[in-house]
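Listed below are the residues making up each chain.
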Amino acid sequence: MRILVTGATGTLGSALLPALVKAGHQVRALSRAKRESRGNVEWVWGDLISDAGIADAVRGVDAVAHLATSGRKGRGAVDVPGTRMLIAAAREAQVPHLLFTSVVGTGSAATAYLRYKREAESLVAGSGLGWTVLRATPFHEWLDRRLGELASLPALPVDRSVPWQPVHTGEVAARAAELLSGGPAGAVEFGGPQVLGTDELVSTWLRARNLRRPRLPVRFPGRRYAVQRAGQFLTDALPKGRITWHDYLFPPPPALSDDFASEHTASPTSPANQPEQDPDLHVYGGDEGYERPTRS
Ligand SMILES: NC(=O)c1ccc[n+]([C@@H]2O[C@H](COP(=O)([O-])OP(=O)(O)OC[C@H]3O[C@@H](n4cnc5c(N)ncnc54)[C@H](OP(=O)(O)O)[C@@H]3O)[C@@H](O)[C@H]2O)c1
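Residues numbered from 1 in each chain as written. Predicted model: local features only at pLDDT ≥ 70, side-chain atom pairs only at ≥ 80, totals over all residues.

Examining the overall build of the protein
Moving on, step 1. Helix and strand counts for the protein come out as 10 helices and 13 strands.
Moving on, step 2. Residues classed as buried in the protein amount to 33% of the 296 residues present.
Moving on, step 3. The long-range fraction of contacts in the protein, counting pairs at least 24 apart against all pairs at least 6 apart in sequence, stands at 72%. (Helix = DSSP H or I, 4+ residues; strand = E, 2+ residues; numbered from the N terminus. Buried ≥ 20, exposed ≤ 12 C-beta atoms within 10 Å, placed from the backbone. Contact = placed C-beta atoms within 7 Å.)

Following this line, the structure appears as structure tokens:
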């Protein structure tokens, strides 16, 4: 299949392109930046606010994966008017399937972003095209970035009553690729493997980033957190992701092939096994008599 991906340069888009290529599809990737096409990925220029390039981008494709978003601060410009323009172009080009990515919890309409996403979902469902709305829980990368921003504070505010279900972007991409191959599926949810309290989420992150911050117990005010506290941003839908927050933060070392191991294992005569003969290595004594060769 030939598939147009909007938002192809984003967090999810960057994971979806290789997943689609791996599944044997031809990918047309949309961006507002000009990029060089390579292999099975053809880059096209287009803007979902001005509508420039969109009619050409949808021409001749079997499906559109619409991931582009103007984000939480973008006042829904890409999510609502942009989706409306994309639908008009896709109808004109008679595209059989439009997959739109959204967020678990749009039904709550608890924030402006969720309301924009819900409105866009309705446009997609009423488009007359074959459609899929894939609602995902927060991506690991997004939470990682949010916590990175909060870490500039002297203490991290932690509301223990707020649950999270983070999901790995690669697994959302794999689910999207599967849905694109399978054809229109209606509304589908996809969440991470575990529900974590904010305390566990934050303490695992602090350990992984090697940071120490006092945690300030708080109760976040407002409707957004009341809705989240009530579990409306969680999903029981199956299948769900398998990669946990802990796995994402502490990825296992890559498995070595036998060839790699034999090439990289130091021989008995190599300096790595005889630190006292290597002028680049110094041996420092540890508190408990532990000695470790360390490069200066
Ligand atoms: N982040 C999360 O935790 C999360 C969770 C659940 C669902 N989702 C959904 O997953 C989808 C992808 O999210 P993401 O986090 O991967 O997004 P992202 O990293 O913020 O990327 C946004 C993308 O939108 C494109 N874009 C922005 N304005 C545009 C415009 N005017 N015209 C065309 N393209 C435009 C950007 O492309 P260029 O800059 O190259 O033009 C970029 O590739 C969204 O629908 C989002 O709602 C996200």
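Having seen the model, we can carry on.
Considering the sheet that holds strand S6 (residues 130-136)
Moving on, step 1. Spatially, S3-S2-S1-S4-S5-S6-S9 is the arrangement adopted by the 7 strands of the open sheet, whose pairing is parallel. With partners counted over all chains shown, the strands left at the sheet margins are strand S3 (41-45) and strand S9 (186-190), one partner each. Neighbour-to-neighbour, the strand axes of the sheet open up by a mean angle of 20°, direction not taken into account.
Moving on, step 2. When strand S5 (residues 97-103) meets S6, the two strands line up parallel, connected through 7 bridges. Bridging from a neighbouring strand, Val-103 pairs with Ala-136 of S6.
Moving on, step 3. This element, helix H6 (residues 169-182), spans strand S1 (2-6), strand S4 (63-66), S5, S6 and S9 of the sheet and lies at about 165° to S6. (Pairing = 2+ DSSP bridges. Axes fitted to C-alpha atoms, helices over the stretch in contact; angles between N-to-C directions.)

A few points about the packing of helix H1 (residues 11-22) against H6
Moving on, step 1. Here H1 crosses H6 at 50°, and the two axes come no closer than 8 Å. The angle between H1 and H6 falls in the class oblique. Along this stretch, H1 crosses H6, giving a crossing that reads as right-handed. Side by side, H1 and H6 meet where Thr-11, Leu-12, Ala-15, Leu-16, Ala-19 and Leu-20 of the first sit next to Thr-169, Gly-170, Val-172, Ala-173, Ala-174, Ala-176 and Ala-177 of the second.
Moving on, step 2. In terms of residue class, the contact of H1 with H6 is made up of 10 nonpolar, 3 polar and no charged. (Parallel < 35°, antiparallel > 145°, perpendicular 65-115°, else oblique. Left-handed = near helix turned anticlockwise from the far one by under 90°. Nonpolar A, V, L, I, M, F, W, Y, C, P; charged D, E, K, R; others polar.)

Examining the environment of Leu-249
Moving on, step 1. Tracing the sequence through the fold places Leu-249 in helix H9 (residues 245-249).
Moving on, step 2. Each C-alpha atom, one on Leu-249 and one on His-140, is 8.7 Å from the other, the two residues being 109 residues apart in sequence.

Thoughts on the pairing of S4
Moving on, step 1. Across the two faces of S4 the burial is the same, with Ala-63 and Ala-65 and Val-64 and His-66 all buried.
Moving on, step 2. Inspection of the sheet shows S1 paired to S4 by 4 bridges, in the parallel sense. Each residue of the ladder has a partner; that of Val-5, found in S4, is Ala-65.
Moving on, step 3. With 4 bridges connecting them, S4 and S5 associate as parallel partners. Counterpart to Ala-65 in the pairing with S5 is Leu-99.
Moving on, step 4. After leaving S4, the chain enters helix H3 (residues 78-92) and then returns to the sheet as S5, a path that is right-handed. (Right-handed = clockwise from strand over helix to strand, strands pointing away.)

That's the geometry; what it means functionally is another story.
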